[in-house]
Amino acid sequence: VQLQAYGGGLVQAGGSLIVSCGASGGSIMRMVMGWFRQAPGKEREFVAAITWTGGLTYYEDSVKGRFTISRDNAKNTAYLQMDSLKPEDTAVYYCAAEHDRGTWPTIKAQDYDYWGQGTLVTVSS
């Protein structure tokens, strides 16, 4: 499965942006989808994850109430809606997929099987 994150860009603080993750070469059905981010000079960190049914979601504390992860299995795509953006949300955002092993929530990068190239989100103050 190949993943490609897209939709990043420049947005003002307080604004909104949605980034998408398209999959090809296979289906994301029965895969946990996750979003991670890496800010300049920092390690990659977990942002959000969603089960393959979409029934459960999990968020890193700093984005709770502001970000929403979703998926459309028919379109083989996952999404991250980001609202009330802050300058500290500036980072390259990566999507990832994990064959569901029943270890929910999947928050460790090493547990994901597939990764996409990132998309840069820049939040100006």
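Structure report, in brief. Worth saying up front: this structure is predicted, and the values here are computed from it rather than measured.

## A look at the overall build of the protein chain
Thought 1: Helix and strand content of the protein chain: zero helices and 11 strands.
Thought 2: When the elements of the protein chain are put in sequence order from the N terminus, they spell out β-β-β-β-β-β-β-β-β-β-β.
Thought 3: Computed over the C-alpha atoms, the radius of gyration of the protein chain is 13 Å, within 12% of the 14 Å expected from 2.2 N^0.38 for a compact globule of 125 residues.
Thought 4: When the backbone C-alpha atoms are referred to their principal axes, the protein chain occupies close to 40 × 25 × 25 Å.
Thought 5: Here the protein chain, with 125 residues, has 43% of them falling under the buried criterion.
Thought 6: Across the protein chain, every contact between residues at least 6 apart in sequence was considered, and the portion connecting residues at least 24 apart equals 58%.

## What to know about the side chain of glutamate 98
Thought 1: In this structure, glutamate 98 sits in strand 9 (residues 91–99).
Thought 2: Those residues in contact with glutamate 98 that sit more than four places away from it in its chain are Arg30, Met31, Val32, Thr103, Thr106, Asp111, Tyr112 and Asp113.

## Considering unusual backbone geometry
Thought 1: Put simply, tryptophan 104 and proline 105 share a cis peptide bond, and its omega is -5°.
Thought 2: Assignment of secondary structure puts proline 105 in the loop between strand 9 and strand 10 (114–117).
Thought 3: For asparagine 76, which is not a glycine, the phi torsion comes out positive at approximately 55°.
Thought 4: Mapped onto the fold, asparagine 76 is located in the loop between strand 7 (67–72) and strand 8 (77–82).
Thought 5: Phi at serine 84 is positive, roughly 50°, even though this residue is not glycine.

Cut-offs and rules
- Residues numbered from 1 in each chain as written.
- Predicted model: local features only at pLDDT ≥ 70, side-chain atom pairs only at ≥ 80, totals over all residues.
- Heavy atoms only, no water.
- Helix = DSSP H or I, 4+ residues; strand = E, 2+ residues; numbered from the N terminus.
- Rg over C-alpha atoms; globule rule 2.2 N^0.38 Å.
- Buried < 20%, exposed > 50% of the residue type's maximum accessible area, 1.4 Å probe, protein only.
- Contact = heavy atoms within 4.5 Å.

Geometric descriptors of this kind do not, in isolation, establish any biological role.
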